[in-house]
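Next come the chains, spelled out residue by residue.
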Amino acid sequence: MGSLAPYARAEPDSVHNDDSRSRKANTRQLFLTIIFTIIDGNKQRISLFRILAVPFRPMTTRTRFAPSPTGYLHVGGARTALFSWLYARRHGGEFILRIEDTDRQRSTPESVDAILEGMAWLGLDYDEGPIFQSDRFDHYHEVIQRLLDEGKAYRCYCSRERIDAVRAEQMARKAKPRYDGHCRHRTDAPSENAPYVVRFRNPLSGEILVDDLVRGAVSFQNDELDDLIIARVDGSPTYHLTVVVDDIDMGITHVIRGDDHLNNTPRQINILSALGATPPIYAHVPMIMGPDGQRLSKRHGAVSVMQYRQEGYLPEALLNYLARLGWSHGDQEVFSLDEMVELFDITNVNRAAATFDTEKLSWLNQHYIKNIEPMHIARYLSRHMGQLGVDPSEGPDLVEVVMVQRERAKTLGEMANNSLYFYKDFDRFDAGSEKHLTRDAGNALQKLHSHLMALEEWSATRIHETIMDVAEDVGMKFGKLAQPLRVAITGRTFSPPIDITLELVGKNQTLRRLERAVEYTSGT
RNA sequence: GUCCCCAUCGUCUAGACGGCCUAGGACACAGCCCUUUCAAGGCUGCAACACGGGUUCGAAUCCCGUUGGGGACGCCA
């Protein structure tokens, strides 16, 4: 990354224009200028010069996802990543992944891996990155120094104790706690090597208008803001400084992020202006809540994207669910990633926070399990079978299993669990299922055993016929015989249709399990 | 507490210009049908414009207020 080159002249007022969410992008502003030029004959040359004078303004839409590596990829983070990604893909732009690891204490390489893994699993590819802020400290220091030199920032020698006391006093007065500007005008240092932080000299008056793509125009008074720290006592830069510098350097045109950053925006715009840069366009998407209406967190259960993978959710389902959480396109519920790219409109994102609903996610997951190519599902399922200690190559074709199980599983974990008996014998009947293994049933099963043994073609059709025959023979209805048979073969009361189940379990295993069940009934 | 944001069925939402809304869809739930279990599927049902004022011939849609919820107020991001 080069030095901080402003992409345009400082236009502090440019944030104040346009009064609606309709503002599309920089391109539109340029367009207007050009049209104006054409109709304005006399001033044409001057106006044209103005356009050309703007050194370089990236016309390409560039969005970014900038997580801090202090944990796993959260579903909320995944959603803002998705929205940013969709926006870039929709508008022919570029999507950048930036790791905000300026807090060296909390950032961990494991978290970085978790984030990259999550992004990869979801299929959110990036055109640049991951870019690590920790690699750019020298550059941040230059910027901080420049701000200091220009008097746009100052050294603050206040002790933490003093700050705490000020805050406590303000809270007691029921005022908003903030820095009181004690060192704002100080020119000397209290002592030779006195420790200090660097604070940004925020304007004292005036109004900042954030023209947000999802929230519309939001205004803030500068006198509500305080002078925030941009460099810690050890000299390291803080978040507010690094986001701004990076967004400028990386040519980010649209900042799509969580709602919790809306209040940070005016301060960042002030820093942006101090650096002579034009603010990007902002879009603050609402947060995701837990069922109790509180911000979604680990205590609500699964929040890590990889945990959903672990439980057997498909990336297609999670992506679809996340997109529909806040965004909509009429009544449509199911979207492929490609469709989302085609239809996504950030201005259609809802302003209100949404509650995460696992039930609906599960429904979508099952929808995808049922509709995606069985071969594809089989590949995912294979991994889950393996985790349960089963090698799927040692039994029926997994694709066949998927086809008979996909209508009765919400997750692949569930499907794997319910498919174990196709690959290995079970050692006990499910609690309550043995009640189907009565002495009467035993007699029928005994008879069925010999008929099945004589069966030459082991197919669902032939098996079905055999069961029918035996049922008729012993004077039972099909279902009456099917249920004890099911318990005998699967150890449980539910399974795919019994004939297909038997076919997949295989003749040998079927006969063996039947014998065992018959033996069991003789003891009842 | 201060500032900012938000407010349609239990949940996600549709609702461009106010009349097409006796508010639509989906999940969940209930019932019925189908049925060899469990599902899946089909049909039906339950269920909401937070409240109060305006503006208007007419408001879920516009304005104000109230209430409620969320967020920010870190040498975290």
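Quick look at the structure, then. Just so it is clear, the structure is predicted and the values come from calculations on it, not from any experiment.

**Description of the side chain of Thr80**
Alright, step 1. Along the chain, Thr80 turns up in helix 3 (residues 75-90).
Alright, step 2. Overall, the relative accessible area of 11% leaves Thr80 in the buried class.
Alright, step 3. Non-local contacts of Thr80, meaning those with residues more than four positions away in its chain, are made with Phe65, Arg257, Gly258 and Val285.

**A short note on the pattern of salt bridges**
Oppositely charged side chains are able to pair whenever their charged atoms sit close together.
Alright, step 1. Per the stated rule, a full pass over the model turns up 28 salt bridges.
Alright, step 2. We note a salt bridge from Arg136 to Asp249, for which the minimum N-O separation is 2.9 Å. Taken as a pair, Arg136 in the loop between strand 3 (128-132) and helix 5 (137-149) and Asp249 in helix 7 (residues 239-249) lie far apart in primary sequence, 113 residues in all.
Alright, step 3. With a closest N to O distance of 3.2 Å, Asp425 and Arg513 form a salt bridge. Residue Asp425 is found in the loop between helix 15 (412-417) and helix 16 (439-454), and its partner Arg513 is found in helix 20 (residues 507-522); the two are separated by 88 residues along the sequence.
Alright, step 4. Linked by salt bridges that have partners in common, Arg64, Arg98, Glu100, Arg136, Asp246, Asp247 and Asp249 make up one network.

**Observations concerning the protein's contact with RNA strand B**
Alright, step 1. Taken together, 66 residues lie around RNA strand B, and Lys174, Arg232, Gln294, Glu407 and Arg408 are the ones closest in.
Alright, step 2. Within 4 Å of the protein, atoms of RNA strand B come from sugar and phosphate in 69% of cases.
Alright, step 3. At 2.7 Å from a base nitrogen of RNA strand B is found a side-chain nitrogen or oxygen belonging to Asp331.
Alright, step 4. Take Arg408: an N or O atom from its side chain is 2.3 Å from a base nitrogen of RNA strand B.
Alright, step 5. Counting only elements with at least two residues in the surface near RNA strand B, the list comes to helix 6 (160-172), strand 7 (216-221), helix 7, strand 12 (354-355), helix 12 (358-371), helix 18 (478-490) and helix 19 (498-505).

**Some remarks on the pairing of strand 2 (residues 94-99)**
Alright, step 1. Most of strand 2 sits out of view: 5 of its 6 residues are buried.
Alright, step 2. Across 4 bridges, strand 1 (residues 62-65) lies against strand 2 in parallel orientation. Following the sheet pairing, Thr63 is matched in strand 2 by Phe95.
Alright, step 3. The parallel pair strand 1 and strand 2, bridged by helix 3, forms a crossover whose chirality is right-handed.
Alright, step 4. In terms of strand pairing, strand 2 meets strand 3 through 3 bridges, oriented parallel.

**Structural notes on the environment of Val390**
Alright, step 1. Mapped onto the elements of the fold, Val390 is located in the loop between helix 13 (374-387) and helix 14 (398-405).
Alright, step 2. Judged by relative accessible area, which is 6%, Val390 ranks as buried.
Alright, step 3. The spatial distance from the C-alpha of Val390 to the C-alpha of Ser419 is 10.0 Å, given a sequence separation of 29 residues.
Alright, step 4. With near-sequence residues (within four places) excluded, Val390 lies in contact with Met385, Leu420, Tyr423 and Lys424.

The rules behind these values
Residues numbered from 1 in each chain as written. Chains lettered and ligands numbered in written order. Predicted model: local features only at pLDDT ≥ 70, side-chain atom pairs only at ≥ 80, totals over all residues. Heavy atoms only, no water. Helix = DSSP H or I, 4+ residues; strand = E, 2+ residues; numbered from the N terminus. Buried < 20%, exposed > 50% of the residue type's maximum accessible area, 1.4 Å probe, protein only. Contact = heavy atoms within 4.5 Å. Salt bridge = Lys/Arg side-chain N within 4 Å of Asp/Glu carboxyl O. Near = heavy atom within 4 Å. Polar contact = N/O pair within 3.5 Å; in protein donor to acceptor, adjacent residues only side chain to side chain. Pairing = 2+ DSSP bridges. Right-handed = clockwise from strand over helix to strand, strands pointing away.

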